[in-house]
Amino acid sequence: NLQDNRANLHPLWKGEIDVPGGSRQSPINIRIRDSVFHPQLAPVHTQYDPNTCLHIWNNGYSFFVEFDDSTDKSIVSGGPLENPFRLKQFHFHWGRNNDWGSEHTVDSRVFPAELHLVHWNCSKYRTFEEAIMEPNGLAVIGVFLKIGKQHEKLQKLVDILPSVRYKDALTEFNYFDASCLLPSCVDYWTYSGSLTTPPLTESVTWIIMKKPIEVDHSQLAVFRSLLFTAVGEEEKYMVDNFRPLQPIMNRTVHSSFE
Ligand SMILES: NS(=O)(=O)c1ccc(-n2ccn(-c3ccc(F)cc3F)c2=O)cc1
Ligand SMILES: [Zn+2]
């Protein structure tokens, strides 16, 4: 069984890396020359109300910035989506250094970090928890981070991270415009995949932005000061919280650009 396959034992997920029978797992390597241009793929439209921002919490995998998803105030629509999806949370994945950290790769290029803006299909399901279990329940926008100039709007979030250093810590964070984390270029790839942490359900329409955003090395260094562990436990720095690449199987990645 899984536990016997040493190669699959991951420090974070203790062997839950492979989902037996999974046919649309994430993340994947996006091979640009294999992607298919889809002229009907409109730009993705986000409309985020900064007042729907609720709090930040360290859930032991990453830090989640959570939003009030009881109304349609913060939504994503267009692109490959048939109807609007509500923003529930965003979080990041990063490495122990700037040489790796992203979950998706582009022609095997790794980025030092990756942002995920997680939305759920409020037209078809009643709650986020329900949508997570359904094949077209979620839409996650992925944005690569690269080292460059300081991201001024991100700094407000970076400054508060020490308050959620430990697993299960939660801090109020009640005004943040998530659209400041999107790149100016609207080009993206899209494919059908899964959550990259448990429950790993195959419920995600992935929208991966072609252009990365820039952050400076000191901002990423603060991400690495967070802990996987709760107060009182032996401290383990929250780094390398990305899942290994998964097989593309018989999926096609579509691009919104030529
Ligand atoms: N990395 S990712 O594929 O974007 C990803 C991975 C895991 C999740 N995820 C898993 C459980 N949850 C979750 C479930 C219920 C809840 F109230 C809050 C949650 F964060 C969640 O958001 C959401 C997104
Ligand atoms: Zn993620």
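Bear in mind the structure is a predicted one, so any value in this text is a computation, not a measurement.

## As for the overall build of the protein
1) Next: The helix and strand inventory of the protein stands at three helices and 15 strands.
2) Next: What you see for the protein is a C-alpha radius of gyration of 17 Å, in line with the 18 Å of a compact globule of 258 residues.
3) Next: By its C-alpha atoms, the protein is 50 × 50 × 40 Å across when sized along the principal axes.
4) Next: Counting all 258 residues of the protein, 54% fall into the buried class.
5) Next: A separation of at least 24 residues holds for 72% of the contacts in the protein among residues at least 6 apart in sequence.

## Let's talk about the packing of aromatic side chains
1) Next: One pass over the full model with this rule turns up 12 aromatic pairs.
2) Next: Residue placement shows K156 over the ring face of F173; its charged tip is 5.1 Å from the ring centre.
3) Next: Lying over the aromatic face of F257, K210 brings its terminal NZ or CZ to 4.5 Å of the ring centre.

## A look at the coordination of the zinc ion (ligand 2)
1) Next: Only H91 (NE2), H93 (NE2) and H116 (ND1) from the protein reach the zinc ion (ligand 2) as donors, at distances of 1.9 to 2.0 Å.
2) Next: Metal-centred angles of 100 to 116 degrees between the four donor atoms at the zinc ion (ligand 2) mark the site as tetrahedral.
3) Next: The sequence pattern formed by the donor residues of the zinc ion (ligand 2) is H-x1-H-x22-H. Pair noted here: H93 is in strand β7 (residues 85-94) and H116 is in strand β9 (residues 113-120), with a separation of 23 residues, a long-range link. Accessibility assignment for this pair places H93 and H116 in one class, buried.

## So, the pairing of β9
1) Next: Judged by how many residues are buried, β9 sits mostly within the fold: eight of eight residues are covered.
2) Next: Neither face of β9 is left uncovered, since the one carrying A113, L115, L117 and H119 and the one carrying E114, H116, V118 and W120 both have all their residues buried.
3) Next: With eight bridges connecting them, β7 and β9 associate as antiparallel partners. Residue R86 lies in a different strand from β9, and its bridge partner there is W120.
4) Next: Here β9 runs beside strand β10 (residues 138-147); their pairing, made up of eight bridges, is antiparallel. Bridged to E114 within β10 is F144.

## Quick look at the nonpolar core
1) Next: In terms of nonpolar packing, the biggest core is built from 44 residues, with F63, V65, F90, F92, W94, I141 and L157 touching the most fellow members.
2) Next: Not counting residues up to four positions away in its chain, the partners in contact with L157 are I56, F63, V65, F90, F92 and F173.
3) Next: Among the nonpolar cores identified, the runner-up in size contains 22 residues, and F128, A131, I208 and F257 belong to it.

## Some points on the pattern of salt bridges
1) Next: The final tally for this structure, using the stated rule, is eight salt bridges.
2) Next: Between D72 and R86 there is a salt bridge, with its nearest N and O atoms 2.5 Å apart. Of this pair, D72 sits in the loop between β5 (63-67) and β6 (75-78) while R86 is found in strand β7, placing the two residues 14 residues apart along the sequence.
3) Next: In this structure D72 comes out as partly exposed when scored by relative accessible area, which is 42%.
4) Next: Linking R126 and E130 is a salt bridge whose minimum nitrogen-to-oxygen distance equals 3.8 Å.
5) Next: Judged by its relative accessible area of 27%, E130 falls in the partly exposed class.

## Thoughts on the environment of F90
1) Next: With respect to the helices, strands and loops of the structure, F90 is situated in strand β7.
2) Next: Residues F90 and V140 lie 50 residues apart in sequence; the distance between their C-alpha atoms is 9.0 Å.
3) Next: In contact with F90, other than residues within four places in its own chain, are F63, F64, V65, F67, L115, H116, L117, L157, F176, A178 and L181.

## Some points on the confidence of the model for the protein
1) Next: When pLDDT is averaged along the protein, the result is 94; 92% of the residues meet or exceed 70.
2) Next: This model gives residues 1-7 a pLDDT under 50, and the stretch forms four contacts once residues within four places in sequence are excluded.
3) Next: Interface confidence for the predicted complex, expressed as ipTM, amounts to 0.96; the pTM equals 0.94.

## Focus on the site of ligand 1
1) Next: In the vicinity of ligand 1 there are 17 residues, among which F64, Q89, E129, T196 and T197 approach most closely.
2) Next: Residue Q89 places a side-chain N or O atom 3.0 Å away from an oxygen atom belonging to ligand 1.
3) Next: H116 places a side-chain nitrogen or oxygen 3.4 Å from a nitrogen atom of ligand 1.
4) Next: Surface burial for ligand 1 is 83%, taken as the share of its 500 Å² of free accessible area covered by protein chains.
5) Next: Secondary structure elements with two or more residues in the shell around ligand 1: β7, β9 and α1 (128-131).
6) Next: By residue class, the composition of the shell around ligand 1 is nine nonpolar, six polar and two charged.

About the cut-offs
Residues numbered from 1 in each chain as written. Chains lettered and ligands numbered in written order. Predicted model: local features only at pLDDT ≥ 70, side-chain atom pairs only at ≥ 80, totals over all residues. Heavy atoms only, no water. Helix = DSSP H or I, 4+ residues; strand = E, 2+ residues; numbered from the N terminus. Rg over C-alpha atoms; globule rule 2.2 N^0.38 Å. Buried < 20%, exposed > 50% of the residue type's maximum accessible area, 1.4 Å probe, protein only. Contact = heavy atoms within 4.5 Å. Phe/Tyr/Trp six-rings, centres within 6.5 Å; stacked < 30°, edge-to-face > 60°. Lys NZ or Arg CZ within 6 Å of the ring centre and 35° of its normal. Donors = N, O, S within 2.8 Å, 3.2 Å for Na, K, Ca; no water. Tetrahedral: all angles 85-135°; square planar, octahedral: opposite > 155°, others 65-115°. Pairing = 2+ DSSP bridges. Core = buried A, V, L, I, M, F, W, Y, C linked by side-chain atoms within 4.5 Å. Salt bridge = Lys/Arg side-chain N within 4 Å of Asp/Glu carboxyl O. pLDDT = per-residue confidence, 0-100. Near = heavy atom within 4 Å. Polar contact = N/O pair within 3.5 Å; in protein donor to acceptor, adjacent residues only side chain to side chain. Areas by Shrake-Rupley, 256 points an atom, 1.4 Å probe, with all protein chains shown as cover. Nonpolar A, V, L, I, M, F, W, Y, C, P; charged D, E, K, R; others polar.

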